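# A look at the structure
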Amino acid sequence: MDMQPMYACELMGHMENFLVVLSDKLGTKSSNGFFVKWGFGQPLQIFISFPLFVLSILFLQDRRIIYKLRHGEHLLKSRRPLHKPTEPRRSCRRRSKCKPEKSQETELDRQLASSATCKSLVFHQRPGYGQLGTKCLVKANHFLADISVSDLSHYNVKITPEVISRKTNKAIISELVRVYRNTDLATRLPVYDGGRNLYTAGLLPFTYKEFNVTLSEDDDATGGTREREFKVLIKFATHVSMHQLRELLSGKQVDNPQEALTVFDIVLRELAAQSYVSIGRFLYSPDVRKPQQLGGGLESWRGFYQSIRPTQMGLSLNIDMSSMAFIEPLPVIDFVAQILGKDVHSKPLSDADRVKIKKALRGVKVEVTHRGNFRRKYRISGLTSQPTRELIFPLDEQMNMKSVVDYFQEMYGFTIKYSHLPCLQVGSQRKVNYLPMEACKIVGGQRYTKGLNEKQITSLLKVSCQRPREQEADILQTMQQNNYDNNPYAKEFGISIDNKLASVEARVLPPPWLKYHDTGREKEYLPQVGQWNMMNKKVINGSTVRYWACINFSRSVQESTARGFCQQLVQMCQISVMEFSQDPVIPIYSTRPDQVKKALKYVHSAAMDKLGGKELELLIAILPDNNGSLYGDLKRICETDLGLISQCCLTKHVFKINRQYLANVALKINVKMGGRNTVLLDALSWRIPLVSDIPTIIFGADVTHPESGEDSCPSIAAVVASQDWPEVTKYAGLVCAQPHREELIQDLFRSWKDPQRGVIYGGMIRELLLSFKKATGQKPLRIIFYRDGVSEGQFYQVLLYELDAIRKACASLEPSYQPPVTFVVVQKRHHTRLFANNHDDRNSIDKSGNILPGTVVDSKICHPSEFDFYLCSHAGIQGTSRPAHYHVLWDENNFTADEIQSLTNNLCYTYARCTRSVSVVPPAYYAHLAAYRARFYMEPDVVEITKLRGTRSKEGPVRPLPALKEKVKNVMFYC
């Protein structure tokens, strides 16, 4: 049947009517032509007997659905833009696109078109509130915001000549308001986003007007100031509706009123941004607290985060404290000395030093100090390859040459003392100026955007780490300093902010009983305050290690010391009920760190020779405390080349043997070798709702992106899945590389055409489903998918794309195989903090002063209608605990609030690497660990080449990661 042009149209509105029309036109699908077999490693073969038009869904920003009839394709793509400058709240920093499958249409696509993709993917609504647990009160860093204005107007702004800098744009509009507010603007006080959007409370007395603005500004090219003339065109765009926002806050399911929220965010940030350094939704100042040195020419500034959010209690202003690394306003020569960690006043710089300095200084703004009070500012563009004493430049058009040393002496009476150092290159590329380092000072208030080293990270964490009582006090002080009651912009837009922390009803969920081995003194255990130890306990399923070896990469560790350490570790594993051979297959092998590949291959082959062809099962590696790339190289070679499980131990632990340390290492070895440390007692007694009743698989997924400044390295996606039921404690993991900063996991499902075998299906979901069936003998009849690392602006794309991939993976195994899916996003990078209602009540806090583990909140500060909750599942160690935010986007299993909250909390007690409940549900945690591990799998030379090439197009090919060996990927190698 051929599609007539009249039917290839967009139909909006009633889904039911449209499906009736569709079924009339297309008829029902025949099952003829299918040959499907679900076997391990066997491809799915499908022969298409007739063409069919596919119903595909495209989501608009307002969540309406456009149904399109497409001939010969399965299209599933979000039209919701991932990033808009005017929509910071739902903006997506990681730009990503949902790409349609390029392979030709198959019967699988057709079947899914009427199953998975024909449903309206509206976020799951809250099924009710949880009741389980001990009720209590907590305080949250949310402040109730009342909005009295009812008329918001949006105007488009066009500045000529066009300006790229948002800071300059804001200065132009600020000057315009200063000059014209009492005349042409009719006393209105607008707010401006720095781009094309200007908002007012009420209408301006015109719909279209052009203004002339004169702005005085610093000129980075010349270092002076200049006056520039601009024409500013302001044109009415639309009224910003408040109706939708009121409907949302009343609990109705409506489109997200993003524009109104954006306006209020801009309004509340406008005044603070004039006296603070504004970075996104963060505002920093050296006056909040005295800056603390981080080393390497950096210092930390204290500041705060603020965002307006729709919640059940109404609009809420979320305020949180923050610290950020800034460049110290030092003389450049002192900054260079700190960067290099040595005195530079006497000795010339090496080529390596020059490269390091150039990287650190490029783009930094400096001011000259050799001209008294006249402080011109410049931006550094580079560094000279020659020392200052060798530099000459043309003085005039006749090319009369002058040395830099002579020029500064004659022109400014400035004697250059450190002529052995290179000069800074400043200004434009057309006209490069030379400035001696000793004549320049770094301008204050410049955020450091490059990566921090370990020492700087530690220092920054130490500075920003605050006990809950202190953090709460700082938040309240920030509110007082912001003085929203007297904020002219807040008054203009009718915003009033309560100055008290929100008081919220919470519940403390009970901890789960844990099952250990029956030969231990404590067979079952109920953890107290989120932590316990292995005293009197043995792992429930001990693994077997018959063949093991040890490599010592540390020069300071003698062979006898290494032998003694290994003996004690083996003994601890045996005490834990593991079957562990007493002696290594070959004697402990000592070598240098730079010989890692050679050493690993030697030990692997020597052990195989000794064992008559049998392979080594475990490698224990002793590493220096500061081992550079050794750890990553060792893991890459072991897991992708040799198929060998390894356990690394640092020198400091070898010298100072601690039983608790050995117990933790034993736990890691046990799960890496296929054992289980503990299991939920309810799992063994088949009492976990919606898990124990039918075979259930629990997935965890995460994507890690390169560090800031790494513009070419790929992102790494990882998916783990439980491989045991009903225990749900063992998780196999898979990893893949994907385009730079791509958040959607590309390899969840894939298909390709083989000339001999037809269409072949693969991908991480499919492989893990097959692995589950192989391990348990049953196919999963329920899927729970915990997805980490997704921002609010990406919810639509991620759910749409990845739920579709899950559906396809299932259908590729059997045509009718569509187990119900629950899709939960896990967020840690949010700014909600929960505090005890009374910091002096020891019954409501743990040892660190934080709220008790198991504290859950699903009211007041949560979404007005969608199914989300905050869960603090861990005991605090230092600083203020950050609860995890769980958002149930899709739920075909119909969990109640108590069921999903209790399951999530209980799973946090099954984390394999320690005897503590953890802050994030373990499947998501494991996916993060696996993705982080996979970054080591990129060959070092490949990483360097991609860095040298610069920015990689997202559309360009991504070099795949080396495949994990079979022995590795079916166990928890990432632990």
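Residues numbered from 1 in each chain as written. Predicted model: local features only at pLDDT ≥ 70, side-chain atom pairs only at ≥ 80, totals over all residues. Heavy atoms only, no water.

With an unreviewed UniProt entry as reference, the protein is termed Protein argonaute PNH1, source organism Sphenostylis stenocarpa. The record held by UniProt for the protein lists under Sequence similarities (unreviewed entry) the comment "Belongs to the argonaute family. Ago subfamily." (UniProt positions renumbered as here; feature names shortened; annotations may be inferred.)

## Concerning the overall build of the protein
Helices and strands together make up the secondary structure of the protein, namely 23 helices and 47 strands. Across the 975 residues in the protein, those meeting the buried criterion constitute 56%. When contacts within the protein are restricted to residue pairs at least 6 apart in sequence, those whose partners lie at least 24 apart make up 72%. Per element, the accessible surface of the protein, about 42800 Å² overall, is 49% carbon and sulfur. (Helix = DSSP H or I, 4+ residues; strand = E, 2+ residues; numbered from the N terminus. Buried < 20%, exposed > 50% of the residue type's maximum accessible area, 1.4 Å probe, protein only. Contact = heavy atoms within 4.5 Å. Areas by Shrake-Rupley, 256 points an atom, 1.4 Å probe, with all protein chains shown as cover.)

## Some words on the packing of helix α13 (residues 596-610) against helix α14 (residues 630-642)
Relative orientation of the contacting elements α13 and α14 amounts to 40 degrees, with a least axis distance of 10 Å. With respect to α14, the axis of α13 lies oblique. Both α13 and α14 take part in a crossing whose hand is right-handed. Across the interface between the two elements, V596, K597, L600, K601 and H604 of α13 pack against L630, D633, L634, I637, C638, D641 and L642 of α14. Looking at the contact of α13 with α14 residue by residue, the classes come out as seven nonpolar, one polar and four charged. (Axes fitted to C-alpha atoms, helices over the stretch in contact; angles between N-to-C directions. Parallel < 35°, antiparallel > 145°, perpendicular 65-115°, else oblique. Left-handed = near helix turned anticlockwise from the far one by under 90°. Nonpolar A, V, L, I, M, F, W, Y, C, P; charged D, E, K, R; others polar.)

## Examining the packing of aromatic side chains
Evaluated as defined, the whole model comprises 31 aromatic pairs. A centroid spacing of 5.4 Å and a plane angle of 85 degrees characterise the contact between Y276 and F304, whose relative ring orientation is edge-to-face. Placement of the pair is Y276 in the loop between α5 (258-270) and β14 (277-279) and F304 in strand β17 (residues 298-311), with a sequence separation of 28 residues. Residue classification places Y276 among the buried residues on the basis of a relative accessible area of 18%. Note on W301 and F326: the rings are 4.2 Å apart at their centroids and 15 degrees apart in plane angle, and the pair reads as stacked. On the criterion of sequence distance, the pair formed by W301 in strand β17 and F326 in strand β18 (residues 314-327) is long-range, its members being 25 residues apart. Accessibility assignment for this pair places W301 and F326 in one class, buried. An aromatic cluster is present here, built from Y731, Y911, Y925, Y926, F973 and Y974 joined pairwise through their rings. (Phe/Tyr/Trp six-rings, centres within 6.5 Å; stacked < 30°, edge-to-face > 60°.)

## A closer look at the nonpolar core
Counting residues in each nonpolar core, the largest one holds 91 residues, and the members touching the most others are Y786, Y886, Y926 and Y974. If you tally residues by element for this core, the top one is helix α16 (residues 659-672), at eight residues. Core analysis: the next-biggest nonpolar cluster, separate from the first, contains 58 residues, A145, V177, V232 and M479 among them. (Core = buried A, V, L, I, M, F, W, Y, C linked by side-chain atoms within 4.5 Å.)

## Some words on the side chain of D846
With respect to the helices and strands, the residue D846 is situated in the loop between β44 (834-836) and β45 (855-857). The charged side chain of D846 is buried without a salt bridge, its nearest counter-charge being R467 at 6.6 Å. For D846, the side chain forms a polar contact with the main-chain nitrogen of G876, separated by 2.8 Å. Excluding residues within four positions of it along the chain, D846 makes contact with V529, I851, L852, A875 and G876. (Lys, Arg positive; Asp, Glu negative; His and termini not counted. Salt bridge = Lys/Arg side-chain N within 4 Å of Asp/Glu carboxyl O. Polar contact = N/O pair within 3.5 Å; in protein donor to acceptor, adjacent residues only side chain to side chain.)

## Comments concerning the sheet that holds strand β27 (residues 502-508)
The strand order across the open sheet formed by 11 strands is β39-β38-β37-β42-β43-β47-β46-β45-β27-β7-β44, and the pairing between neighbours is mixed. Each end of this open sheet is capped by a strand with a single partner; those strands are β39 (731-738) and β44. Between one strand and the next, the sheet's axes are offset by a mean angle of 30 degrees, whatever the strand orientation. As paired strands, strand β42 (residues 782-788) and strand β43 (residues 821-827) are joined by six bridges and run parallel to one another. The residue of β43 that forms the bridge with R787 is V825. Lying on the sheet, helix α19 (residues 795-811) is in contact with β42, β43 and β47 (884-891); it crosses β43 at an angle near 140 degrees. (Pairing = 2+ DSSP bridges.)

## Thoughts on the pattern of salt bridges
A full pass over the atoms with the stated rule returns 36 salt bridges. In this structure, D898 engages R507 in a salt bridge whose closest nitrogen and oxygen atoms are separated by 3.6 Å. Pair noted here: D898 is in helix α20 (residues 897-907) and R507 is in strand β27, with a separation of 391 residues, a long-range link. Salt-bridge contacts for E802 lead to R787; the nearest nitrogen and oxygen are separated by 2.8 Å. Here E802 is found in helix α19, whereas its partner R787 is found in strand β42, with 15 residues between them in sequence. Judged by relative accessible area, which is 0%, E802 ranks as buried. A single network of salt bridges, built from pairs that share partners, joins R507, D858 and D898.

## Some points on helix α9 (residues 454-464)
Turning to α9, its buried residues number three or more, namely Q456, L460 and V463. All buried residues of α9 project into a common sector of 65 degrees when viewed along the axis, lining one side. Opposite its buried face, α9 presents the exposed residues E454, K455, T458, L461 and K462, each directed more than 90 degrees away. Buried residues in α9 make contact with β16 (292-295), β17 and β18. (Arc of directions from axis to C-beta.)

## A word on helix α6 (residues 332-340)
In terms of burial, α6 is largely enclosed, as seven of its nine residues are buried. By the burial criterion, the buried members of α6 are V332, I333, F335, V336, A337, I339 and L340. Looking one or two residues past α6, G341 carries a phi angle of roughly 70 degrees, positive in sign.

## Considerations on the packing of α6 against helix α7 (residues 351-361)
Viewed as axis vectors pointing N to C, α6 and α7 meet at an angle of 120 degrees, and their least axial separation amounts to 10 Å. For the pair α6 and α7, the sense of crossing is right-handed. Residues V332, F335, V336, I339 and L340 of α6 pack against D353, K356, I357, A360 and L361 of α7. A breakdown of the residues in the contact of α6 with α7 according to their chemical character gives eight nonpolar, no polar and two charged.

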